[in-house]
Amino acid sequence: MATKQVTANTSAQTIATAEKHKKCKISAITVDNQYSSAIKLTLQDIFTPDASHGVSSPTEKTITRWVRTIGNGTAYSADQNELADLVCLGTVKMVASATSTDCIVVVNYHWE
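Quick notes on the rules
Here, residues in each chain are numbered from 1, in the same order as that chain's written sequence. Local features are withheld for residues below a pLDDT of 70 in this predicted model, meaning they are given only at 70 or higher, and side-chain atom pairs are given and counted only at 80 or more; totals for whole chains, interfaces and linings count all residues. Only heavy atoms go into the side-chain values, all of them from the structure, while hydrogens and water stay out. When DSSP finds at least two bridges between two strands, those strands are taken to pair. The helix count covers DSSP runs of H or I at least four residues long, the strand count covers runs of E at least two residues long, and both are numbered beginning at the N terminus. Lines fitted to C-alpha atoms define the axes here, with helix axes fitted over just the stretch in contact, and angles between the N-to-C directions of these axes take values from 0 to 180 degrees. Between the rings of Phe, Tyr and Trp (Trp by its six-membered ring), a pair exists once the centres lie within 6.5 Å; its type follows the angle of the planes, with under 30 degrees stacked, over 60 edge-to-face, and the other angles tilted. With a 1.4 Å probe rolled over the protein chains alone, any residue whose accessible area is under 20% of its type maximum counts as buried; one over 50% counts as exposed, and the rest are partly exposed. Contact criterion: two residues are considered in contact whenever any of their non-hydrogen atoms come within 4.5 Å of each other. Residues belong to one nonpolar core when they are buried, are Ala, Val, Leu, Ile, Met, Phe, Trp, Tyr or Cys, and are joined through side-chain atoms within 4.5 Å. Within this document, salt bridges are pairs made up of a side-chain nitrogen of Lys or Arg and a carboxyl oxygen of Asp or Glu, the two lying within 4 Å of each other.

I'd like a description of the sheet that holds strand 4 (residues 39–47), backed by residues and values.
Pairing within the open sheet is antiparallel, and its four strands lie in the order 2-8-4-5. Looking at the sheet topology across the chains shown, the edges are occupied by strand 2 (13–17) and strand 5 (61–70). Ignoring which end each strand starts from, the neighbouring axes of this sheet average 20° apart.

Please set out unusual backbone geometry residue by residue, giving values where relevant.
The phi torsion at H21 lies on the positive side, around 70°, for a residue other than glycine. Locating H21 in the fold gives a position in the loop between strand 2 and strand 3 (24–33).

A description of the packing of aromatic side chains should follow, citing residues and the corresponding values.
Here the structure, examined in full by the defined rule, presents two aromatic pairs. The interplanar angle of 45° and the centroid separation of 6.2 Å between the aromatic rings of W66 and Y76 together place this pair among those described as tilted. On the criterion of sequence distance, the pair formed by W66 in strand 5 and Y76 in strand 6 (residues 74–78) is long-range, its members being ten residues apart. Residues Y109 and W111 carry aromatic rings whose centres are separated by 5.6 Å and whose planes lie at 75° to one another, so their mutual orientation is edge-to-face.

Go over the environment of T91, please, and point to the residues and values.
Looking at where T91 falls in the secondary structure, it is placed in strand 8 (residues 91–96). The buried category is assigned to T91, whose relative accessible area is 18%. Between the C-alpha atom of T91 and that of G54, which follows or precedes it by 37 residues, the distance is 25 Å. Residues contacting T91, with those up to four places away along its chain left out, are T14, A16, T17, Q44, D45 and I46.

Any details on the nonpolar core? Residues and values, ideally.
In summary, soluble globular proteins display a tendency toward joint burial of nonpolar side chains. Counting residues in each nonpolar core, the largest one holds 25 residues, and the members touching the most others are I15, I26, I29, L41 and L43. Ignoring anything within four residues of it in the chain, the contact list for L43 reads I15, I26, I63, T64, R65, W66, L86, C88, V92, K93 and M94.

Requested: an account of the pattern of salt bridges, with residues and values cited.
According to the stated counting rule, one finds three salt bridges in the structure shown. Residue K20 pairs with D50 through a salt bridge whose shortest N-O separation is 2.6 Å. Remark: D50 occurs in the loop between strand 4 and strand 5 and K20 occurs in the loop between strand 2 and strand 3; sequence separation between them is 30 residues. Salt-bridge contacts for R65 lead to D45; the nearest nitrogen and oxygen are separated by 2.8 Å.

Explain the environment of I63 to me, and be specific about the residues and the numbers.
Following the sequence through the fold, I63 ends up in strand 5. In this structure the C-alpha to C-alpha distance between I63 and S52, which are eleven residues apart in sequence, comes to 19 Å. The residues contacting I63, other than those within four sequence positions of it, are L43, Q44, D45 and F47.

A description of the side chain of Q44 should follow, citing residues and the corresponding values.
Secondary-structure assignment places Q44 in strand 4. Residue classification places Q44 among the buried residues on the basis of a relative accessible area of 18%. When near neighbours in sequence (up to four residues on either side) are disregarded, Q44 contacts A12, T62, I63, T91, V92, K93 and V95.

Purely geometric stuff here, so don't read any function into it on its own.
As structure tokens, this is what we get:
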């Protein structure tokens, strides 16, 4: 299992990049928000589908897979049960509503 730690940022922070024909399974997300206000976190899955019948040049897709607002001064933990169906197909990124080193996000994941 791999782990990636990032801080809250309004610019997308890369968590992981899946290899072709592999899926990134998110198994836990832990947040410690000591920032002065609540922060909304969004986990994005960014990928380009394979070419298929009728679509010879598919375009990149950005899909929101998970969104939570974490109150200031609080810690939050999403475990395997809550994240059971959270699978990403491409590059996994975390985006926040504010930039702060006082909000730490830890994501645990593995490949399927």
